[in-house]
Structure formats: structure tokens, C-alpha cells
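Here are the chains, one letter per residue:
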Amino acid sequence: MENMGVGIIGCGNISTTYLQYAPLFKGIEVRAVADINMDTAKAQAEKFGVRAETVEDLLAADDIGVVVNLTIPAVHYEITKRILEAGKHAYSEKPLVLTLEEGESLRVLAKSKNLRVGSAPDTFLGGSHQAARAAIDSGETGRIIGGTCHFMGHGMEGWHPNPDFFFQPGAGPVLDMGPYYITNLVQLLGPVKAVSAMTAITFPTRTIGNGDRNGEVIPVSTPTNIHALMQFENGAIVTLGMSWDVWANRHPNMDLYGEKASLYVPDPNFFAGDVTLVGEDGEEIALDHSNHPYSNPNQEDHNGNPIANYRCAGLADMVAAIGEGRQHRCNLDLAIHVVEVMTSILKAGEEQQRVEMTTTCERPDALPPEAAKALMV
């Protein structure tokens, strides 16, 4: 099958990841990039051997079939809408949009034009999370009845030179990091039925601790300390703690509790990590996922530790799914449902009430090792 031409709108830091790892996958070829800052677009284009174009020219380009939206979340809806209106498939970084209404609007538009919309995260396609999925699907855990998930730290004002956005409506830990956790839970357990939550803004201001703005005080206007309960349609009840108000903690990223065994799942922000099954006898069994291609380390983190990074897997799967006439895994129904779960958690915290979901979705198909390999060059 001939490669589908890919354009990228938004040339910030995440664009380097997409440009670097797209060549690992079949069926896609990045051909052009665009940004509101043309100098930024030109710099990325020169570095990776692609064209730098205005947003308008990229959307009009005949050799571009799918456009990746890497703009800031506040304009995700606007840009994805423009991509669809230009007659091109769209794939967005997380979160897809910031409101359920925006998501439903994109659904209507995409359907009217017979176009696909996909959305990050695709980290749930990684080897560790697919090993966890296999343990659940095979019955090793028994029915999952509950779990706990935690993402806790103290925000990014200490290292990010312009952290303002993270502390404004449309961000906060739920909308910024929640897509990784909630998407993985949905692919493991199925859709969410209802949520309840308590939320707070612990620190009304933050002080930037680096860069040209070192010492500048910025306001906080969205909850930064969130404790939620999610009830899944399968009956499981999962606690979700997300905070940027915590200096230290010992919580694991994700534990799932089954009728027959517990499952320790690693950080869903990454493709790989240790997965452990613990049954009635208390023996910890490490689940081997080394045969999954998205478990193989291919870069180093900031501390020099090897990690697996296969962002673009979701994009490649979407393009393959278009050719095969099947649903792609990082699909619009999944993304819209996750948006509703996240925004409902914030609503439940604000109104101090249980919120029932109005959307649902199918669990995306599992991605076993052979299927993952088939997406790669």
C-alpha cells in the first residue's frame, strides 16, 4: 500500500517525537509541518527533511491525507475542525478536546465527510499494557472488581519556563495526565458508568523557579488536587488520585484487583514497564512482554535510563485501519468517552455530586505482538 502523506500542525517539543518515530511505521510518511511561528516550522523542517508550510497551505496540499494536530489543547477543537473541513483525516494529541460538546461536534463533522479522527494517547498499545490486557482477557485475574491509580507530584513551575497553562482551566492534572490513565483503564476494563470526586486548589499561586521568568508569581485557577471514584460498566470501582500539590508519595501508578489475582500495571504514560501478577498464594509473577516490539528500549530518559517510545503507533494503526476497513484503536468514540470522564470528574468535584456518563465506547482491540510488528517497517 502506498504511504499516506502526513502533515503536522504545531512544531513544539512533541513534534520532535512524532518526526523522529514516524519512520518506524508502515503506511505513513511525514511530508510537511506548519506552525503559527514560521521560523519554528522551518527549523523542524530542515532538521527532519520535510517541507515547512503555512497552516493554510498544508491543509490544501494534495499529497497530505492525514494531519496530526500538535497545537496547544485550547485550540485542539478549532484545528481538528479545520482539518476535517479541508477533507483530511485528523489525529490529535491528547486531550482530543476540552468539552464533550466539542467532541460530539467533531463526531458529526467526521461522519458527514466520511473521515477518521484519532487521538493520543497510544501508550496503551505498549507491551506492558497489552500484557496486562492479556492477563485480564485470559481470565488469569478473574473479573476485575476494583483498583487504585495515582499520579502525584508538585507541578512543573520548578522546571518549565512558561508553566501558566498547566494551572488554568483546560489543564490541571486531570486533563493533562488523565488521558493516559483513563484511556488505559478503559482499554483494560471497558467504559465508565459514573464518577464522583472531591477537588481543591491547594495553592492559589505558583512561583516560577527557572528561566527568564524566575520568581514570577502566576495564578492557579483550576483544581490541582483531585480524588475521584470511577464506577465502570463491568462493576469495577477504581480510585483515581491526581495531584500537583504533593512533594512525595509511595503510591504505585496503577493496581487492579481481580477476583482471582491482583495486577500491578506500570505508568501508562510510557509504553513499557514491569507488570506483575499476584494470586492467592502471594507469589509475585512478572509477566514477560519482551516479545512485544513496543517493549524494546529505543531512547534514554532525562536520567539516562533506557525507555521504549513508540508514539505514532496509534497514527499508523489508524492509517492501516482505513485501508483495512476496520475501527482504529485510538478512535474517536474512545477519545470522546475519555473526555467526558475527565470533565465529569471536574464537574463532580465542583458540584459535589455523582455524575452519570452519557457516552460509552467499545474496548479497543488488543494489539498482540504480531499485530504490533505488522504496523512496523
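This text gives an overview of the structure that appears in the document. (Residues numbered from 1 in each chain as written. Predicted model: local features only at pLDDT ≥ 70, side-chain atom pairs only at ≥ 80, totals over all residues. Heavy atoms only, no water.)

**Let's talk about the overall build of the protein chain**
Scanning the protein chain from terminus to terminus reveals ten helices and 19 strands. Here the C-alpha radius of gyration of the protein chain, 20 Å, is about what a compact globule of 377 residues would show, namely 21 Å. The dimensions of the protein chain, computed from C-alpha atoms along their principal axes, are 60 × 50 × 45 Å. The buried share of the protein chain, taken over its 377 residues, is 56%. Restricting the contact set of the protein chain to residue pairs at least 6 apart, pairs at least 24 apart contribute 71%. Averaging the locations of the 27 positively and 47 negatively charged side chains of the protein chain gives two centres separated by 5 Å. (Helix = DSSP H or I, 4+ residues; strand = E, 2+ residues; numbered from the N terminus. Rg over C-alpha atoms; globule rule 2.2 N^0.38 Å. Buried < 20%, exposed > 50% of the residue type's maximum accessible area, 1.4 Å probe, protein only. Contact = heavy atoms within 4.5 Å. Lys, Arg positive; Asp, Glu negative; His and termini not counted. Charge placed at Lys NZ, Arg CZ, Asp CG, Glu CD.)

**Looking at the sheet that holds strand β7 (residues 144-152)**
Strand-to-strand pairing in sheets goes through backbone hydrogen bonds, with the strands running parallel or antiparallel. Within the open sheet, the nine strands sit side by side as β16-β15-β14-β13-β7-β12-β11-β8-β19. Their pairing is mixed. Bordering the open sheet on either side are β16 (284-286) and β19 (355-356), each of which pairs with just one other strand. Pairing of strand β13 (residues 254-258) with strand β14 (residues 262-265), which is carried by four bridges, proceeds in the antiparallel orientation. Along β14, the bridge assignment pairs M254 with V265. Helix α6 (residues 127-137) contacts β7, β13 and β14 of the sheet and is inclined by roughly 170° relative to β14. Contacting β8 (192-200), β11 (225-232), β12 (237-243) and β19, helix α9 (residues 332-351) crosses the sheet at an angle of about 45° to β8. (Pairing = 2+ DSSP bridges. Axes fitted to C-alpha atoms, helices over the stretch in contact; angles between N-to-C directions.)

**As for the packing of aromatic side chains**
Within this structure, the stated rule accounts for eight aromatic pairs. Between F271 and Y294, the aromatic rings sit 6.4 Å apart at their centres with planes inclined by 85°, giving edge-to-face as the arrangement. With F271 in the loop between β14 and β15 (276-278) and Y294 in the loop between β16 and β17 (299-300), the pair connects residues that are 23 residues apart, well separated along the chain. According to the relative accessible area criterion, Y294 is buried, its value standing at 0%. One aromatic cluster is present, formed by F25, F271, Y294 and Y310 through successive ring pairs. (Phe/Tyr/Trp six-rings, centres within 6.5 Å; stacked < 30°, edge-to-face > 60°.)

**Concerning the pattern of salt bridges**
Following the criterion strictly, the structure yields 20 salt bridges and no others. The closest approach of N and O atoms between D176 and K94, which form a salt bridge, is 3.3 Å. With D176 in helix α7 (residues 172-189) and K94 in the loop between β5 (89-92) and α5 (100-113), this residue pair connects regions lying 82 residues apart in the sequence. One continuous salt-bridge network, built from bridges that share partners, spans D317, E324, R326 and R329. (Salt bridge = Lys/Arg side-chain N within 4 Å of Asp/Glu carboxyl O.)

**With respect to the nonpolar core**
In terms of nonpolar packing, the biggest core is built from 107 residues, with F25, L189, M230, L256, L263, Y294 and I345 touching the most fellow members. By residue number, the principal contributor to this core is α9, which donates eleven residues. When sequence neighbours within four positions are dropped, the list of residues in contact with L263 reads A132, A135, I136, T141, M254, D255, L256, V275, T276, L277 and L287. With seven residues, the next largest nonpolar core counts F166, I208, I218 and V220 among its residues. (Core = buried A, V, L, I, M, F, W, Y, C linked by side-chain atoms within 4.5 Å.)

**Regarding the side chain of H337**
Within the secondary structure layout, H337 lies in helix α9. Using a relative accessible area of 0% as the deciding quantity, one classes H337 as buried. Beyond its immediate sequence surroundings of up to four residues, H337 is in contact with V186, P191, V192, M357, T359, T360 and C361.

**A few points about helix α1 (residues 13-21)**
Helical geometry note: an α-helix holds 3.6 residues per turn, so side chains three or four residues apart project in the same direction. Within α1 the residues assigned to the buried category are S15, T17, Y18, L19 and Y21. Along its buried surface, α1 packs onto β1 (4-9), β2 (28-34), α2 (38-48), β4 (66-69), β5 and β17.

**Focus on the packing of α6 against α7**
Where α6 contacts α7, the two axes come as close as 9 Å, and the packing angle between them is 30°. Relative to α7, the element α6 is oriented roughly parallel. Once α6 is placed against α7, the crossing between them reads as right-handed. Contact residues: H129, Q130, A132, R133 and I136 in α6; N184, Q187, L188 and L189 in α7. (Parallel < 35°, antiparallel > 145°, perpendicular 65-115°, else oblique. Left-handed = near helix turned anticlockwise from the far one by under 90°.)

**Description of unusual backbone geometry**
Glycine aside, a negative phi is what most residues show, and trans is what most peptide bonds show. A cis geometry characterises the amide bond from K94 onward to P95, with omega recorded as -15°. Within the fold, P95 resides in the loop between β5 and α5. A positive phi angle, near 55°, is found at N114, a position not held by glycine. The residue N114 is located in the loop between α5 and β6 (117-119) in this model. Judged by its relative accessible area of 69%, N114 falls in the exposed class.

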